[in-house]
Amino acid sequence: PGLHERVSSVRYSLSMASISVAPIALVSTRSEPRQVPHGMWRSASPHAAFMRPRANADGGNPRPTRRNMIQAAGLGSIFPFGDKSSSANAKRPPVGGGGSGVTNEVVETVNGMRQRRLGGGDIVVSEFGLGTQRWGSADFNAPDEAMCHKFMDYAVLEKGVSTVDTAEQYPIPSDRGKPEGDTERIIGSWMKKDKSRREKLVIATKITGSSNVTKKNIRKDLEGSLTRLGTDYVDVYTLHWPARYTPQSNWGQSLMYHVEQEQAPWYKNAASFEEIAEAMGEMIAEGKLRGWGMCNDNAYGLTASCYAARAVGAPPPCVLQNDFSIINRRVEENGVTEASSPVHENVGFMAYNVLAGGVLTGKYLDVAAAVDNPQDPELAEKLLRDPRGRMDDYSWGKTLYRYRSGPAEVATRQYAALAKEAGMSLTEMSLRWCRQRAGVTTTLLGHTSMAQLEETLKYFDASVPKLPQDLMWAIDRVHMQNRLPIFSSDRVGADWEGSGEIGERIP
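Please read these numbers as outputs of a predicted model, since none were measured by experiment. (Residues numbered from 1 in each chain as written. Predicted model: local features only at pLDDT ≥ 70, side-chain atom pairs only at ≥ 80, totals over all residues. Heavy atoms only, no water.)

Caption draft 1: Expanded view of the overall build of the chain. Helix and strand content of the chain: 18 helices and 11 strands. When each of the 507 residues of the chain is scored for burial, the buried share is 54%. Of the contacts made within the chain by residues no fewer than 6 positions apart, 75% connect residues no fewer than 24 positions apart. (Helix = DSSP H or I, 4+ residues; strand = E, 2+ residues; numbered from the N terminus. Buried < 20%, exposed > 50% of the residue type's maximum accessible area, 1.4 Å probe, protein only. Contact = heavy atoms within 4.5 Å.)

Structure, rendered in structure tokens:
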């Protein structure tokens, strides 16, 4: 039978395996905590993991992993876990998937910046990362190449930042003079100034999603990124959005899964989880990549990717990257944080849009964004001519409307009041709140000026304490009034017939 049939046929066997190994003396009670992830794939031999069971954190009896159960049931040929390293890997930093480390643990502090493990392997990232979506873009306030180099000089060489997140599609927006791929070139030109700079960086880049994701294109697009970056390996490679249909990758307010969308031409023959994992595994074996993952995905996509990787004998993903902020806790409450926990799949998490497109700086509270001022066209025109940020740009303002929905604005005002009462800015409270979330490995943020970057780095210094517990509880109480404010709306028209404000499918 084919791989899918073989995997399906062992589901019952897996459940029986968990029963059959339970009487073994080495097995602890089910209530004991597990510290080491059971998503490991690398071992000295196919049976090594079972013969050397891990111990619990409290020093009690060891507990079998999911891999133990698979091998105990004699299913190792379907879910191989042998060492897939190659001679090429010996020339590169160790791979980031699998491994015996615990994701999000602090490994060291460099120049005041904590460095955390991403997944269970050896990829270690700074807990703040440079977001580069608009580096060198055609946007009105985009930093040019010289400014981007200054950002890296300060953040990387002086402040201990190692993480740089980019994509083959960046910059956004692009045009003929500032084409897609130019952001990777800008990062590469900075590294070219001094060869030692490469080892100071953990570079994460992305392949364009949907129907572009194929085994062939994963290789082709990654090699294109390597050329533009001027390096022979990338640390983390992710799908910018899934190959399959999922509402998670939508820019608007779509949350409901519409089954009929599975048959859309660009999704109908989407690359399987196994195809993707196999392609990523080959790139790792060739030394072109250390770890992989996905962006704008969900708990199903994360878990299915982990299982698929084990099925084809590839390293499991080490990261999921998603939209996350004080007004968008979706990943904590829809299963992502649960699935990525060290006791489950042991996958790191990169948070982006942590300031909700600038809304959580508070600058749009006194005077609404340009596109939200239809009753005052003179003011709207003035803001469009001299924008304070992306929300005053007509295109960005429309696209990112969910961060300014009625419920989102109410929540933002309440959080701003809490910040003021605590003697800090809304920006500070929002960033420090994100930094201390248990499920977040690194926080990605873009900047348009050195002043912005300097302010951000102030809040991510290891000497800055966690927010006090009473403030965290006050934030939670606001959250409980509306748990998904950016996906809620008080202005959906009766005649919109299932469409949101930018034409996306709702609910």
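Caption draft 2: View of the nonpolar core. Grouped together as the largest cluster of nonpolar side chains are 92 residues, with contacts concentrated most on Leu130, Tyr415, Met429 and Ile475. Sort the elements by how many residues they give to this core and helix H9 (residues 273-285) lands first, with 7 residues. With residues up to four places along the chain from it excluded, the contact list for Leu130 reads Trp135, Met152, Ala155, Val156, Val161, Thr163, Val164, Asp165, Leu445 and Leu453. The next biggest cluster of nonpolar side chains, apart from the first, holds 11 residues, and it includes Ile123, Ala204, Val236 and Cys318. (Core = buried A, V, L, I, M, F, W, Y, C linked by side-chain atoms within 4.5 Å.)

Caption draft 3: Just the pairing of strand S1 (residues 106-110), in detail. One ladder, built from 4 bridges, connects S1 with strand S2 (residues 113-117); its direction is antiparallel. Note that in S2 the partner of Val106 across the bridge is Arg116. Between S1 and S2, which pair antiparallel in sequence order, lie 2 residues; one of them, Asn111, sits at a positive phi of approximately 50°. (Pairing = 2+ DSSP bridges.)

Caption draft 4: Structural context of the layout of surface pockets. What the largest pocket holds in volume is close to 1,100 Å³. Every residue lining the largest pocket is counted, 47 residues in all, and those nearest its centre are Gln133, Asn353, Gly357, Arg390 and Gly446. When residues of the lining of the largest pocket are traced back to their parent elements, those giving at least two are strand S9 (319-323), helix H16 (426-435), strand S11 (442-445) and helix H17 (450-459). Its residues assigned to classes, the lining of the largest pocket shows 14 nonpolar, 23 polar and 10 charged. (1 Å grid on protein atoms, 1.4 Å probe; cavity = no way out; pocket = protein on both sides within 12 Å on 5 of 7 lines; lining within 4 Å. Points joined across faces, edges and corners; volume = space filled by probe spheres on them. Nonpolar A, V, L, I, M, F, W, Y, C, P; charged D, E, K, R; others polar.)

Caption draft 5: Structural view of the sheet that holds strand S3 (residues 124-126). Taken together, 3 strands build an open sheet; the order of strands is S1-S2-S3 and the sheet is antiparallel. Edge positions in the sheet fall to S1 and S3, since each of these pairs with one other strand and no more. Each adjacent strand pair in this sheet contributes to an overall mean axis angle of 30°, direction not counted. Relative to S3, S2 runs antiparallel, the two sharing 3 bridges. Within the sheet, the bridge partner assigned to Gln115 lies in S3 and is Ser126. (Axes fitted to C-alpha atoms, helices over the stretch in contact; angles between N-to-C directions.)

Caption draft 6: Up close: the pattern of salt bridges. Under the criterion given, the structure shown has 31 salt bridges. Between Lys220 and Asp221 there is a salt bridge; the shortest N-O distance is 3.1 Å. Asp221 gets classed as buried once you look at its relative accessible area, which sits at 7%. If you follow the salt bridges from partner to partner, you end up with Lys215, Arg219, Glu223, Glu278, Glu282, Glu286 and Lys288 in one network. (Salt bridge = Lys/Arg side-chain N within 4 Å of Asp/Glu carboxyl O.)

Caption draft 7: Main features of the sheet that holds S11. In space, the 8 strands of this closed barrel follow the order S4-S5-S6-S7-S8-S9-S10-S11, with parallel pairing throughout. Averaged over all pairs of adjacent strands, the angle between strand axes in this sheet comes to 25°, irrespective of strand direction. The pairing of strand S5 (residues 163-165) with strand S6 (residues 202-207) spans 3 bridges and is parallel. When the sheet's bridge partners are listed, Asp165 is paired in S6 with Ala204.

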